[in-house]
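Reading the structure
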Amino acid sequence: MTFISKDKHIIMENYTLSENPVPRRVCLDLNTPAELAIRNAMQEVENVGADPKLTDAIIHLQNALNSVADYVDANHNQNG
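Residues numbered from 1 in each chain as written. Predicted model: local features only at pLDDT ≥ 70, side-chain atom pairs only at ≥ 80, totals over all residues. Heavy atoms only, no water.

**What about the nonpolar core?**
- Counting five residues, the largest nonpolar core is built from Ile 38, Met 42, Val 45, Ile 58 and Leu 65.
- Every element with two or more residues in this core is listed here: α1 (33-48) and α2 (52-79).
- Top element by residues in this core is α1. It accounts for three residues.
- Sequence-distant contacts of Ile 38, that is, excluding residues within four places in its chain, are made with Leu 61, Ala 64, Leu 65 and Val 68. (Core = buried A, V, L, I, M, F, W, Y, C linked by side-chain atoms within 4.5 Å. Buried < 20%, exposed > 50% of the residue type's maximum accessible area, 1.4 Å probe, protein only. Helix = DSSP H or I, 4+ residues; strand = E, 2+ residues; numbered from the N terminus. Contact = heavy atoms within 4.5 Å.)

This is how it looks when you write it as structure tokens:
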């Protein structure tokens, strides 16, 4: 694997998942539109302020994100 610095970003050439098994769900460029929408909703809730009810909302959104990611991962593994 080769690392190339390009415009303050690191580009990995010849990267394979077996070399560094990063879960798909934490790579934003591999997230589905549904996962990204939930992440954006979480950011919007965070921007509202601090309140226990907002914390509850974040927890529910995180659970939703995990459920969607579980579904996507399960279907990706079946189809891939």
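Text resumes after the structure shown.
**Concerning the confidence of the model for the protein**
- Mean pLDDT over the protein works out to 83, with 71% of the residues at or above the 70 mark.
- Per-element averaging of pLDDT across the protein places strand β1 (residues 2-6) at the bottom with 48 and α1 at the top with 98. (pLDDT = per-residue confidence, 0-100.)

**Notes on the pattern of salt bridges**
- According to the stated counting rule, one finds four salt bridges in the structure shown.
- Residue Arg 25 is joined to Asp 70 by a salt bridge in which the shortest nitrogen-to-oxygen separation is 2.7 Å. Here the residue Arg 25 occupies a position in the loop between β2 (9-13) and α1, and Asp 70 occupies one in helix α2, the gap between them amounting to 45 residues.
- A salt bridge links Asp 73 to Arg 25; the shortest N-O distance between them is 2.7 Å. Of this pair, Asp 73 sits in helix α2 while Arg 25 sits in the loop between β2 and α1, placing them 48 residues apart in sequence.
- For Asp 73, a relative accessible area of 19% translates into the label buried.
- Classification of Arg 25 as partly exposed rests on a relative accessible area of 22%.
- When salt bridges with common partners are traced through the structure, they connect Arg 24, Arg 25, Glu 35, Asp 70 and Asp 73 into a single cluster. (Salt bridge = Lys/Arg side-chain N within 4 Å of Asp/Glu carboxyl O.)

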